[in-house]
Amino acid sequence: AKNLRAVVLEVFGAGTAPQNQPTMLEALKTLKDRGSIVVLTSQCATGPVLSGTYAASSAIESVGVVSAGDMTTEAVAAKLAYLFGKGLTPRQVESVMLSSLRGEI
C-alpha cells in the first residue's frame, strides 16, 4: 500500500523472527524504502525486544526496523496512532518511538 505509514510486527521472544524468509525481508525492505516504519514488538507478556541480540534477529535488524523495547503491541499501536494523529512524519515517529510519552516504556 502506497500510503501505509507503519507496520507493527509481533515477533518471538526478545525479537527473533524467521530468518530464512527472503520474501518477508524483501517486503519489509520495500516498506522501508517507501517511507513506512516497521516496529518490532514481542508476543511475550514480559521482557523487551532486543533486536540484533541473537542471530535469528540479525537479518530483520538489517532492514532498519524499530524496536518497541518493552511496550506491548497495544501500546505500540496506540502510540503510533497518537503520534501520526499529531501530524508527525514516519521519520519523526520513528525517532521518538523509544521515548516515553506517558510511562509506556
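Here, the structure is the one placed above.
All values derive from a computational prediction rather than experimental measurement.

J.: With reference to specific residues and values, describe the pattern of salt bridges.
T.: Using the criterion set out here, one finds 4 salt bridges in the structure. Residue lysine 29 pairs with aspartate 33 through a salt bridge whose shortest N-O separation is 3.3 Å. One end of the pair, lysine 29, and the other, aspartate 33, are both in helix H1 (residues 22-33), 4 residues apart, so they sit about a helical turn from each other. Residue lysine 79 pairs with glutamate 104 through a salt bridge whose shortest N-O separation is 2.6 Å. Residue lysine 79 is located in helix H3 (residues 73-85), and its partner glutamate 104 is located in the segment after helix H4 (90-96); the two are separated by 25 residues in the primary sequence. On the basis of relative accessible area, lysine 79 is assigned to the buried category, the value being 6%. Under the relative-accessibility criterion, glutamate 104 is labelled partly exposed at 21%. Among the charged side chains, a network of salt bridges with common partners joins Lys32, Arg91 and Glu94.

J.: Can you explain the environment of leucine 4? Please cite residues and give values.
T.: On the secondary structure map, leucine 4 appears in the segment before strand E1 (6-11). Remark: the alpha-carbon pair of leucine 4 and isoleucine 37, spanning 33 residues in sequence, is separated by 8.9 Å. Once residues within four sequence positions are removed from consideration, leucine 4 is found in contact with Leu31 and Ser36.

Reading the values: the criteria
Residues numbered from 1 in each chain as written. Predicted model: local features only at pLDDT ≥ 70, side-chain atom pairs only at ≥ 80, totals over all residues. Heavy atoms only, no water. Salt bridge = Lys/Arg side-chain N within 4 Å of Asp/Glu carboxyl O. Helix = DSSP H or I, 4+ residues; strand = E, 2+ residues; numbered from the N terminus. Buried < 20%, exposed > 50% of the residue type's maximum accessible area, 1.4 Å probe, protein only. Contact = heavy atoms within 4.5 Å.

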